[in-house]
Amino acid sequence: MNLKQIMKRFFFLLSIFSISTITGYGQRQNIFDYSEPKDYEIGGVTVSGAEFSDDNAIISIAGLKVGSTIRIPGGDIPKAIKALWKLRLFTDVQVTKTKTVGDVIFLDISVQERSRLIGHSFKNTKKTYHDDLNERVNNHLLKGGIVTENVKVNAAEEIKEYFVEKGYLDVDVDVIEIPDSNRVNAVRLVFDINRNERIRIKDISFTDITVKERKLRNLLKNTRRKRRIFASSKLIKEDYEEDKKALITYYNNIGFRDAKIVNDSVWRDEDGHLMLELNMNEGNRYYFRDIEFKGNSIYASEDLHKVLGIGKGDVYNQELLDTRLSFSQDGRDVSSLYLDNGYLFFRADPIETAVDNDSIDLEIRIYEGPQATIDKVTINGNDRTHEHVIRRELRTLPGQKFSRSDIIRSQREIISLNYFNPETLGINTPVNPQRGTVDIEYTVEEKPSDQLELSAGWGGNRGLIGTLGVSFNNFSLRNISKRETWNPLPQGDGQRLSIRAQTNGRFYQSYNASFTEPWLGGRKPNSFTVAGFYNRFNYFSGKLKILQGSVSLGTRIKWPDDNFVSSTALNIQTLDLEDWNFGAAFRTDEGDVVQTGHFNNFSIKQTIARATVSDPIFPTSGSSFTLSLQLTPPYSAFQKNFEADPNPAERFRWLEYHKWRFDAQWYTQLFDKFVLKADAKLGVLGFYNRDIGTSPFERFQLGGDGLNNQQFGFAGVDIISMRGYEINEIENNTNSASGNTATPIFDKFTLELRYPISTNPNSTIYLHTFVQGGNTWRGLRDFNPFDIRRSAGAGLRVFLPMFGVLGFDWGMGFDKQVPDNPKIGDYSTFNIVLGFEPE
């Protein structure tokens, strides 16, 4: 065989290889002459069949450039087809010759594109699931994107995973492609979902245990067997693994520190329900024996043992040990002693020195280190509130020794301003060990704090009642002349400005305004408040006018601790009555109705309050106590041979009384998110001169919703809500001659269990149930704190920064006077809450 024959055979085999390669992709026809290899110059390249893809991009990826030389047969054409095929955009690719002019060849790249997605839908599933499902599959389905098998499989798996998490372990998903008749190469995907029956956990059992099985089941918070109607019962792998970790943590905390799950089994019974079995190896139970401190010089070992609170013979509890050494929520830990005294570099390392049978000896090695000094204190994120408003609340000042309790207190004070989102409040403490200093960085996020009240209601025979009120809780008086600071009014200095008007034009008008400067003078937390209101009532022939102005000065006091605030207010009020006998009639102790007269009410009110609540909107811990005493001058004591005028209008022209109020609230987090609030209120109105008696004004009225916005006859009295009872359903509030009246003594006690739905500061929502008891009395001789009217019920609260508190309460009174054959409505009341939380 000569050289020419060898070359012919070589090129023949090469052409067969090229054809087979191209045919292997299934994308071109043999239109070239392979009998003689030849080099061509590419004179032009066109693209056909591309509806969505860019022609120039296809030519570029194929690598067939105009002016370049290719050999046919050769590797250039198969290489171009392979490059386009790898894109996975096409179901068919062909490269064909359109013409040749001498040694110049013109090519056409013919493609058939994959289908494009124009949308998707779900079949055989509730619309309530659609939003969640869309969120799941949208990561895989791009409108206008290419539909491949991978895309369909991944989307279907997301849908299956979603329903498996809801307990539908046997869910099936079929993906159907429906071509669009109006568009070329476009399809819509329909996910046909068959959830099948929800698979529940029938039973969870444990083997080789000494702990009660019921206790262990309760530790599996997210993996529960089906026992109650509304109880969740489903198996989710991630949650199940977390529950198993919680199981081991519990064992470790009761002394079984070697406990482990040997194996666990999951199977389906004959009915298809899930069965779980966990085989445990508890190991031995261990106890603390000897605990020694080493390296401590600042505090004696005896003092550290008292704080640690772990004695010889106590069950070994690693979690308790770690908590008592560092960061206990109640502040009872060794690290608090050191960190509150500046020892930021403090470290306590517990070392096991001996394990003897079931007893463990510990040596706690203390590294005290030097005291750290605060260097820089920075505040970030306050784009509306001026920095000095935040900085004056901080207990962490440059140059002071570091103190963890000061940081916690500063955090609480910032939250109490109610200008910032408590969930995003950040505190960072970068340390410089070489200099022995620490910087403190506070990061805040502003939230809306102003409130708008705009409402209208029907007041029965009093007609339509309109209310307009605004409260600017971060006002700035000094910037009122700077137009650029108005948004809508100047803000950022932490002052409070409130203006409110309510009227129906004919019967009732009320106007009030107040201004508070929380830091009078700017150097000390001395608050200054000036306020005033004017109320006017016209009811048939009766009239009532009340005009009041007040000035108060408050300050923080450091004894018994610095959580106390003292406030002193001077109040000047006049009341004018003309044939007034409406609503809560003003009555004397003798039962006489005060209908006409001019009355002067000048008083000084002293208030002592202490507050440690964790959050002003939804507290989870802390308490609040308020004790107030309001006094008028004892005018009768200044007159010799004083004789009380039998005419009430003259006897009470200058009101004299002493009025006591005590309010207390406690908050504690019970479990999970549930918060228990305990509330106690007590009010007593006393007199100086028995001949004059108790003032008909400044009394208390218990019952109803506590909203005096539309209960106009109640001016001059303190309105206290009592869920489950209307005002006239509490005996001492009523009088056969004049209807509702007010009393000089009341008490009220409440237990409220709260559960938050949302703690977002822009929309705080929580549910609550309550039990409540309270009553009123007409004199100290009748007072019996155990003689209360009981109620229970439930409600909802929504706090919106712009509108305040909205919500409702449904309460059932157990001690009502009801008719024969009573209905449920005879025992219950429904109250609406608008704008603020009633007392």
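Note that the coordinates shown come from a computational prediction; the quantities given were computed from them, not determined experimentally. (Residues numbered from 1 in each chain as written. Predicted model: local features only at pLDDT ≥ 70, side-chain atom pairs only at ≥ 80, totals over all residues. Heavy atoms only, no water.)

A. Fine view of the overall build of the protein chain. Check the secondary structure of the protein chain and you find 14 helices and 37 strands. Rg of the C-alpha trace for the protein chain: 40 Å, well past the compact-globule value of 28 Å for 839 residues, more than 25% over. Structurally, the protein chain occupies a C-alpha span of about 155 × 80 × 70 Å along its principal axes. Buried positions account for 43% of the 839 residues belonging to the protein chain. Sequence-distant contacts, at least 24 apart, represent 61% of the contacts inside the protein chain between residues at least 6 apart. Within the structure as shown, the protein chain displays about 43,500 Å² of accessible surface, and the carbon and sulfur contribution to it stands at 52%. When the 103 basic and 108 acidic side-chain charges of the protein chain are each reduced to a single mean position, those positions are 2 Å apart. (Helix = DSSP H or I, 4+ residues; strand = E, 2+ residues; numbered from the N terminus. Rg over C-alpha atoms; globule rule 2.2 N^0.38 Å. Buried < 20%, exposed > 50% of the residue type's maximum accessible area, 1.4 Å probe, protein only. Contact = heavy atoms within 4.5 Å. Areas by Shrake-Rupley, 256 points an atom, 1.4 Å probe, with all protein chains shown as cover. Lys, Arg positive; Asp, Glu negative; His and termini not counted. Charge placed at Lys NZ, Arg CZ, Asp CG, Glu CD.)

B. Layout of the sheet that holds strand β6 (residues 172–179). What the three strands build is an open sheet, ordered β5-β7-β6; its pairing is mixed. Among the strands making up the open sheet, the edge pair consists of β5 (116–123) and β6. Strand-to-strand, the axes of this sheet are offset by a mean angle of 20 degrees, without reference to chain direction. Bridge count for β5 against strand β7 (residues 186–194) is seven bridges, and the pairing is parallel. Bridged to Leu117 within β7 is Val187. Contacts from helix α4 (residues 130–137) reach β5 and β7 within the one sheet, and its direction differs from that of β5 by about 145 degrees. (Pairing = 2+ DSSP bridges. Axes fitted to C-alpha atoms, helices over the stretch in contact; angles between N-to-C directions.)

C. Representation of the pattern of salt bridges in the model. Overall, the coordinates contain 46 salt bridges when judged by the stated rule. A salt bridge links Lys152 to Glu177, with the shortest nitrogen-to-oxygen separation between them at 2.8 Å. Of this pair, Lys152 sits in helix α5 (residues 149–164) while Glu177 sits in strand β6, placing them 25 residues apart in sequence. Residues joined by salt bridges that share partners form a network here, namely Glu393, Arg395, Arg409, Glu413, Arg556 and Asp562. (Salt bridge = Lys/Arg side-chain N within 4 Å of Asp/Glu carboxyl O.)

D. A look at the sheet that holds strand β2 (residues 69–72). Strand order in the open sheet formed by four strands is β2-β1-β4-β3, and the pairing between neighbours is mixed. In this open sheet, the two edge strands, each paired with only one partner strand, are β2 and β3 (90–101). Sheet twist, expressed as the average angle between the axes of neighbouring strands with direction ignored, equals 45 degrees. Here β3 pairs with strand β4 (residues 104–113) via ten bridges, running antiparallel. When the bridges of β4 are listed, Lys97 appears paired with Leu107. Of the strands in this sheet, β1 (38–48), β3 and β4 are in contact with helix α2 (residues 55–62), which crosses β1 at around 150 degrees. Along the sheet face, helix α3 (residues 76–85) touches β2, β3 and β4 and points at about 150 degrees away from the line of β3.

E. Structural view of helix α8 (residues 301–308). Within the sequence span of α8, burial applies to Leu304, Val307 and Leu308. Buried residues of α8 fall within an arc of 100 degrees about the axis and therefore sit on the same side. In α8, those exposed residues whose orientation departs by more than 90 degrees from the buried face are Glu302 and Lys306. Along its buried surface, α8 packs onto β11 (287–294), α9 (318–325), α10 (334–339) and β13 (359–367). Two residues or fewer after α8 comes Gly309, characterised by a positive phi angle close to 70 degrees. (Arc of directions from axis to C-beta.)

F. Fine view of the packing of α2 against α3. Put simply, α2 and α3 touch, their axes get as near as 8 Å, and they point 125 degrees apart. Here α2 is positioned oblique relative to α3, judged by the angle of their axes. Across the interface between the two elements, Ile58, Ile61 and Ala62 from α2 touch Ala80, Ala83 and Leu84 from α3. Here the contact of α2 with α3 is built from residues that sort into six nonpolar, no polar and no charged. (Parallel < 35°, antiparallel > 145°, perpendicular 65-115°, else oblique. Nonpolar A, V, L, I, M, F, W, Y, C, P; charged D, E, K, R; others polar.)

G. Inspection of the environment of Ser449 at higher detail. With respect to the helices, strands and loops of the structure, Ser449 is situated in the loop between β17 (437–443) and β18 (451–458). Exposure remark for Ser449: the relative accessible area of 14% places this residue in the buried category. Filtering out sequence-adjacent residues up to four positions away, Ser449 remains in contact with Asn418, Tyr419, Asn473, Asn474 and Pro801.

H. Fine view of the side chain of Thr529. When you line up the elements, Thr529 lands in strand β22 (residues 527–539). Look past the residues within four positions of Thr529 in its chain and what remains in contact with it is Phe515, Thr516, Ser550, Val551 and Ser552.

I. The nonpolar core, seen in detail. Judged by nonpolar contacts, the single largest core of 28 residues is most densely connected at Leu544, Leu575, Leu577, Trp580, Phe586, Phe599 and Phe697. Looking at this core, the elements that each hand over two or more residues are β23 (542–557), β24 (564–578), β29 (699–702) and β30 (717–720). Other than its neighbours up to four places away in sequence, Leu575 contacts Lys545, Ile546, Gly597, His598, Phe599, Asn601 and Phe697. (Core = buried A, V, L, I, M, F, W, Y, C linked by side-chain atoms within 4.5 Å.)

J. Quick look at a nonpolar patch on the surface. On the surface, a cluster of nonpolar side chains totalling about 410 Å² of accessible area is made up of Ile608, Leu627, Trp660, Phe662 and Leu682. Following the sequence through the fold, Leu627 ends up in strand β26 (residues 622–631). The exposure class of Leu627 is partly exposed, given its relative accessible area of 44%. (Patch = residues over 30% accessible without salt bridge, like charges linked within 9 Å, V, L, I, M, F, W, Y side chains within 5 Å.)

K. Seen up close, the side chain of Lys659. Relative to the helices and strands, Lys659 is located in strand β27 (residues 658–671). Within polar-contact distance, the side chain of Lys659 engages the side chain of Asp718 at 2.9 Å. Discounting chain neighbours no more than four positions away, the residues touching Lys659 are Ser628, Leu629, Gln630, Val684, Leu685, Glu698, Phe700 and Asp718. (Polar contact = N/O pair within 3.5 Å; in protein donor to acceptor, adjacent residues only side chain to side chain.)

L. A look at unusual backbone geometry. Across the junction of Trp559 and Pro560, the peptide omega takes the value 0 degrees, indicating a cis bond. Within the secondary structure, Pro560 is located in the loop between β23 and β24. The backbone of Asn124 shows a phi angle near 65 degrees, a positive value even though the residue is not glycine. Considering the arrangement of structural elements, one finds Asn124 in the loop between β5 and α4. The exposure class of Asn124 is exposed, given its relative accessible area of 53%. Although it is not a glycine, Asn357 sits at a positive phi angle of roughly 55 degrees. Its location among the elements puts Asn357 in the loop between β12 (347–356) and β13.

M. The packing of α4 against α5, seen in detail. Closest axis-to-axis distance for the α4/α5 pair is 9 Å, and the angle between their directions is 135 degrees. Considered as vectors, α4 and α5 are oriented oblique to each other. Viewed along their axes, α4 and α5 form a crossing whose handedness is right-handed. Residues Asp132, Leu133, Arg136 and Val137 of α4 touch α5, and the partners they reach there are Ala155, Glu158, Ile159, Glu161, Tyr162 and Phe163. Grouping the constituent residues of the contact of α4 with α5 by class yields six nonpolar, no polar and four charged. (Left-handed = near helix turned anticlockwise from the far one by under 90°.)

N. Examining the packing of aromatic side chains more closely. Here the structure, examined in full by the defined rule, presents 23 aromatic pairs. Three or more aromatic residues link up through ring pairs in this structure, and these residues are Tyr129, Tyr162, Phe163 and Tyr168. The lysine or arginine in question, Arg257, covers the ring of Tyr286, its NZ or CZ lying 5.0 Å from the ring centre. The ring of Tyr316 carries the charged tip of Arg257 above its face, separated from the ring centre by 5.4 Å. (Phe/Tyr/Trp six-rings, centres within 6.5 Å; stacked < 30°, edge-to-face > 60°. Lys NZ or Arg CZ within 6 Å of the ring centre and 35° of its normal.)

O. Representation of α2 within the structure. When α2 is considered as a whole, its buried residues turn out to be Ile58, Ile59 and Ala62. On an axial view of α2, the arc spanned by its buried residues comes to 95 degrees, and they lie on one face. For α2, exposure combined with an orientation more than 90 degrees from the buried face picks out Asn56 and Ser60. The inward-facing, buried residues of α2 contact β1, α3, β3 and β4. Among the residues trailing α2, Gly63 stands out with phi positive, at a value near 80 degrees.

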